[in-house]
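Observations on chain architecture
What follows is the residue order along each chain.
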Amino acid sequence: MNNIKMYLTWIGIFVVYMLLISIILTTLNYFHIVYSKGSSVISLISMIIIFGIIGFKFGKRAIKKGYLEGIKIGSSLIFLFVVINILFFRDFFHFEQLIYYVVLLLSSTLGSMIGISNKG
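It should be emphasised that the depicted structure is a prediction, and the values quoted were computed from it without experimental measurement.

In this section: a nonpolar patch on the surface. A cluster of nonpolar side chains, contributed by Leu-44, Phe-95, Leu-98, Ile-99, Val-102, Val-103 and Leu-106, occupies part of the molecular surface with about 620 Å² of accessible area. Of the residues forming the nonpolar patch, the biggest block, six residues, is contributed by helix α4 (residues 95–117). Looking at the secondary structure, you find Leu-44 in helix α2 (residues 36–61). Note on Leu-44: relative accessible area 32%, which makes it partly exposed.

Here we take up the environment of Ser-108. Positionally, Ser-108 belongs in helix α4. The buried category is assigned to Ser-108, whose relative accessible area is 1%. Put simply, Ser-108 and Lys-37 are 71 residues apart on the chain and 24 Å apart in space, counted from C-alpha to C-alpha. Every residue in contact with Ser-108, bar those within four places of it in the chain, is listed here: Phe-51, Gly-55, Gly-70, Ile-73 and Gly-74.

What follows covers unusual backbone geometry. You will see that His-32, though not glycine, has its phi angle at about 60°, which is positive. Secondary-structure assignment places His-32 in the loop between α1 (2–30) and α2. Look at His-32 and you get exposed, because its relative accessible area is 54%. For Lys-65, which is not a glycine, the phi torsion comes out positive at approximately 55°. Structurally, Lys-65 can be placed in the loop between α2 and α3 (66–89). Taking relative accessible area as the criterion, Lys-65 reaches 48% and is therefore assigned partly exposed.

Cut-offs used in this document
Residues numbered from 1 in each chain as written. Predicted model: local features only at pLDDT ≥ 70, side-chain atom pairs only at ≥ 80, totals over all residues. Heavy atoms only, no water. Patch = residues over 30% accessible without salt bridge, like charges linked within 9 Å, V, L, I, M, F, W, Y side chains within 5 Å. Areas by Shrake-Rupley, 256 points an atom, 1.4 Å probe, with all protein chains shown as cover. Salt bridge = Lys/Arg side-chain N within 4 Å of Asp/Glu carboxyl O. Helix = DSSP H or I, 4+ residues; strand = E, 2+ residues; numbered from the N terminus. Buried < 20%, exposed > 50% of the residue type's maximum accessible area, 1.4 Å probe, protein only. Contact = heavy atoms within 4.5 Å.

In structure tokens:
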């Protein structure tokens, strides 16, 4: 039960973070400060960072095999992305999306591996 609560807490933090980044990028795009190409790069970098941070936090809590914790949380967040994508956009997979999801999963896994090695 405690693990489920922890997963849901971090998924909630992730969703709030996604909404904040979306609002900020939309506002910057509206005032022509950042254009769509720049906002997509900022969005990618911010997602890689948040996946790494979440993976790091889960890795610090792991007893061993931190990469598995990173894969688990990364996969659950990517599953959330896929469900939202299918429900709201009715868009199926493209090769670019697959690469995007793999990069995010690797970021989460690497963050978790760093987290377990810095457990101290």
